[in-house]
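# What the coordinates show
So the chains spell out like this:
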Amino acid sequence: MPQFHIEDINQLSMSCQYQCIINPNTQDICGYEALTRFTDPNQNLIPPNIVFDALHEHPEQFASIELIAKQFQIQHAPQNSRLFINLDPHALQPHTQPLMFDLLIRHQDIVVEIIENTCIQDAALSKTLIDELKRFNIPCALDDVGAKHAMLSLEVLSKVDLVKFDKSWLEYDESTSLPQLLSALIQFAKVSGKKTVLEGIETRQQLAFAQSLSVDYVQGFYFQSLFLTPKHNLPLSNALAQQANIPTANHKIDCNAEPYIHLMKQSS
């Protein structure tokens, strides 16, 4: 696995990938989730999780990088489509929070995905963030529900508008009670007016399983041919320097929209 050290952050470039959110019955595109991507000076992909894990130890830098990422994702987003973006509550710091909310409020059709919690403190942060999003009428989703590393806060679950089920639900043995738990959570979402997404769809059989569950949307590499990636990369050294020099809440990072790179569909 590629190595990353926090002191190398200025050497990275940032882009993103837009993964489509699909109606499982019609297979119409209902929106796109923006996922951050990093490359090193040799154009090698650096897994975003190792970059963000390192940034968690440096809250102010984490907040700056997260703001730059959201600016890039919103400016390059497919036109006339709902945009789903991930937001880590730990990435909101006093110097970036007003800028982040100013950015989100100005987008006409956006859903903020809150990552699932790993501890009680995370759940409290998530609740606070959701309350703030609600104050500005910004829809929010709870991401990775059921992931093996995560815990589920029932209060957080009750507050979101959309529930995204982790791909691990596709791996559970039917001899356990977990499939019944998934069905119960989907039914809870329906009766409480929440939309549902099943992530990790990679085969026709998994798509058929999602259809049998009556989830509202699906997502995964089965639809890889529909993913979009801007050709434009943003050097973080430039973006961080530009951000440091513009203190107002109305600034934008200067990156012009480019045509997309379409990926080849992965075989099922």
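This structure is a prediction, so every number in the text was calculated from the model and none was measured. (Residues numbered from 1 in each chain as written. Predicted model: local features only at pLDDT ≥ 70, side-chain atom pairs only at ≥ 80, totals over all residues. Heavy atoms only, no water.)

## Quick look at helix H7 (residues 204–213)
Regarding H7, the residues found buried are Leu207, Ala210 and Leu213. Projection of H7 onto a plane perpendicular to its axis shows the buried side chains occupying an angular sector of 115 degrees, all on one side. For H7, exposure combined with an orientation more than 90 degrees from the buried face picks out Arg204, Gln205 and Ser212. Its buried side turned inward, H7 meets helix H6 (178–191), strand E8 (195–198) and strand E9 (217–218). Note on H7: the residue one or two positions beyond its end, serine 214, has a positive phi of about 60 degrees. (Buried < 20%, exposed > 50% of the residue type's maximum accessible area, 1.4 Å probe, protein only. Helix = DSSP H or I, 4+ residues; strand = E, 2+ residues; numbered from the N terminus. Arc of directions from axis to C-beta. Contact = heavy atoms within 4.5 Å.)

## Some details on the layout of surface pockets
Quantified by volume, the largest pocket comes out at close to 1,600 Å³. In terms of lining, the largest pocket is formed by 47 residues, of which the most central are Leu35, Arg37, Pro48, Asn49 and Asp144. Of all the secondary structure elements, the ones that give two or more residues to the lining of the largest pocket are strand E1 (13–22), strand E2 (29–39), strand E3 (45–46), helix H1 (48–55), helix H2 (59–75), strand E4 (83–87), strand E6 (140–145) and strand E10 (228–230). Estimates place the volume of the second largest pocket at around 190 Å³. Lining the second largest pocket are Ile74, Ala77, Pro78, Gln79, Asn80, Ser81, Arg106, His107, Gln108 and Asp109. For the lining of the second largest pocket, the class distribution of residues is three nonpolar, five polar and two charged. (1 Å grid on protein atoms, 1.4 Å probe; cavity = no way out; pocket = protein on both sides within 12 Å on 5 of 7 lines; lining within 4 Å. Points joined across faces, edges and corners; volume = space filled by probe spheres on them. Nonpolar A, V, L, I, M, F, W, Y, C, P; charged D, E, K, R; others polar.)

## What to know about the pattern of salt bridges
Taken as a whole, this structure holds 11 salt bridges when the rule is applied. A salt bridge links aspartate 131 to lysine 127; the shortest N-O distance between them is 3.2 Å. Placement of the pair is aspartate 131 and lysine 127 together in helix H4 (residues 120–135), with a separation of four residues, close to one helical turn. When its relative accessible area of 26% is taken as the criterion, lysine 127 is described as partly exposed. With a shortest N-O distance of 2.7 Å, glutamate 132 and arginine 135 are connected by a salt bridge. Of this pair, glutamate 132 and arginine 135 both sit in helix H4, three residues apart, which is roughly one turn of that helix. Residue glutamate 132 is classed as partly exposed on the basis of its relative accessible area, which comes to 22%. Since its relative accessible area comes to 56%, arginine 135 is described here as exposed. Here the residues in one salt-bridge network are Glu33, Glu113, Lys164 and Glu199, joined through shared partners. (Salt bridge = Lys/Arg side-chain N within 4 Å of Asp/Glu carboxyl O.)

## Points about the environment of glutamate 199
The topology assignment puts glutamate 199 in the loop between E8 and H7. Glutamate 199 sits in the buried class, given a relative accessible area of 10%. Taking the C-alpha atoms as reference, glutamate 199 lies 9.9 Å from valine 145; in sequence the two are 54 residues apart. Not counting residues up to four positions away in its chain, the partners in contact with glutamate 199 are Glu33, Asp143, Asp144, Lys164, Phe165, Asp166, Lys167, Leu170 and Gln219. Only 3.4 Å separates the side chain of glutamate 199 from the side chain of lysine 164, close enough to count as a polar contact. (Polar contact = N/O pair within 3.5 Å; in protein donor to acceptor, adjacent residues only side chain to side chain.)

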